[in-house]
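These are the residues of each chain, in order.
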Amino acid sequence: MDKFRQVPPPAALGTPPDVISEPFTIVLWGVTSESMANWAKAKEVGDLTTLAELKGFPGSPGQVEGLARVCRSVTEINQLQEGEILVAPTTSPSWAPAFQKIKACVTDVGGVMCHAAIVCREYGVPAIVGTGVGTQAIKTGDYVKVDGSTGVITIRR
């Protein structure tokens, strides 16, 4: 299991359809034709840690800047410090304690109705969901600007 945790999964298996129109796929998981194209473009870069900007879905409005903390599972949220920006593959109700500490949230998967987007709107903190590669491009300690109104994340190392 430890070995598999170190290998990032592919964004998709097989050939994605030309047009994605199923509503639940879009609003819950953030998978659209455009997001698939953005994820593929990011993967073409090769070393994702060289990216200066990422795009995802605007999940909760607002702009903040701060230090990123990558948490790949709920067991890592105890490492979050007050005011950090949570970067995670996804969130679920078991992640609830994290939302009291964070300044913003960035997830790899999710649409406007995913857990992270809904909880961030409730807490009034910015969220960008469905980046596809956020946990691979952003490292703990990176200084990031999160614009939850546009879905753009600026990374400064």
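Residues numbered from 1 in each chain as written. Predicted model: local features only at pLDDT ≥ 70, side-chain atom pairs only at ≥ 80, totals over all residues. Heavy atoms only, no water.

Asker: Before we move on, can you summarise helix α3 (residues 33–44) with the specific residues and values?
Answerer: Structurally, the α-helix is built with 3.6 residues per turn, so residues lying three or four positions apart point the same way. For α3, which comprises twelve residues, the first-to-last C-alpha distance of 17 Å matches the rise-based estimate of 16 Å (1.5 Å per residue) to within 8%. Buried within α3 are the following residues: Ser 35, Met 36, Trp 39 and Ala 42. The buried residues of α3 occupy an angular sector of 125° when the element is viewed end-on, so they sit on one face. What points out from α3, more than 90 degrees from its buried face, is the exposed set Glu 34, Lys 41 and Glu 44. For α3, the secondary structure elements touched by its buried residues are β2 (57–60). Immediately downstream of α3, the backbone of Gly 46 shows phi near 90°, a positive value. (Helix = DSSP H or I, 4+ residues; strand = E, 2+ residues; numbered from the N terminus. Expected span 1.5 Å × (residues − 1). Buried < 20%, exposed > 50% of the residue type's maximum accessible area, 1.4 Å probe, protein only. Arc of directions from axis to C-beta. Contact = heavy atoms within 4.5 Å.)

Asker: Residues and numbers for the side chain of Ser 35, please.
Answerer: Note on placement: Ser 35 falls in helix α3. A polar contact is formed between the side chain of Ser 35 and the backbone nitrogen of Thr 32, at a distance of 2.7 Å. Among all residues touching Ser 35, those that are not within four sequence positions of it are Gly 30 and Phe 57. (Polar contact = N/O pair within 3.5 Å; in protein donor to acceptor, adjacent residues only side chain to side chain.)

Asker: Describe the layout of surface pockets, with residues and values.
Answerer: Sizing a probe to match a water molecule and rolling it over the atoms shows the empty space that remains. Quantified by volume, the second largest pocket comes out at close to 190 Å³. Forming the boundary of the second largest pocket are Asn 38, Trp 39, Lys 41, Ala 42, Val 45, Leu 51, Glu 53, Leu 54, Lys 55, Thr 131 and Val 133. Of all the secondary-structure elements, those providing two or more residues to the lining of the second largest pocket are α3 and β1 (53–55). Looking at the lining of the second largest pocket residue by residue, the class counts come to six nonpolar, two polar and three charged. (1 Å grid on protein atoms, 1.4 Å probe; cavity = no way out; pocket = protein on both sides within 12 Å on 5 of 7 lines; lining within 4 Å. Points joined across faces, edges and corners; volume = space filled by probe spheres on them. Nonpolar A, V, L, I, M, F, W, Y, C, P; charged D, E, K, R; others polar.)

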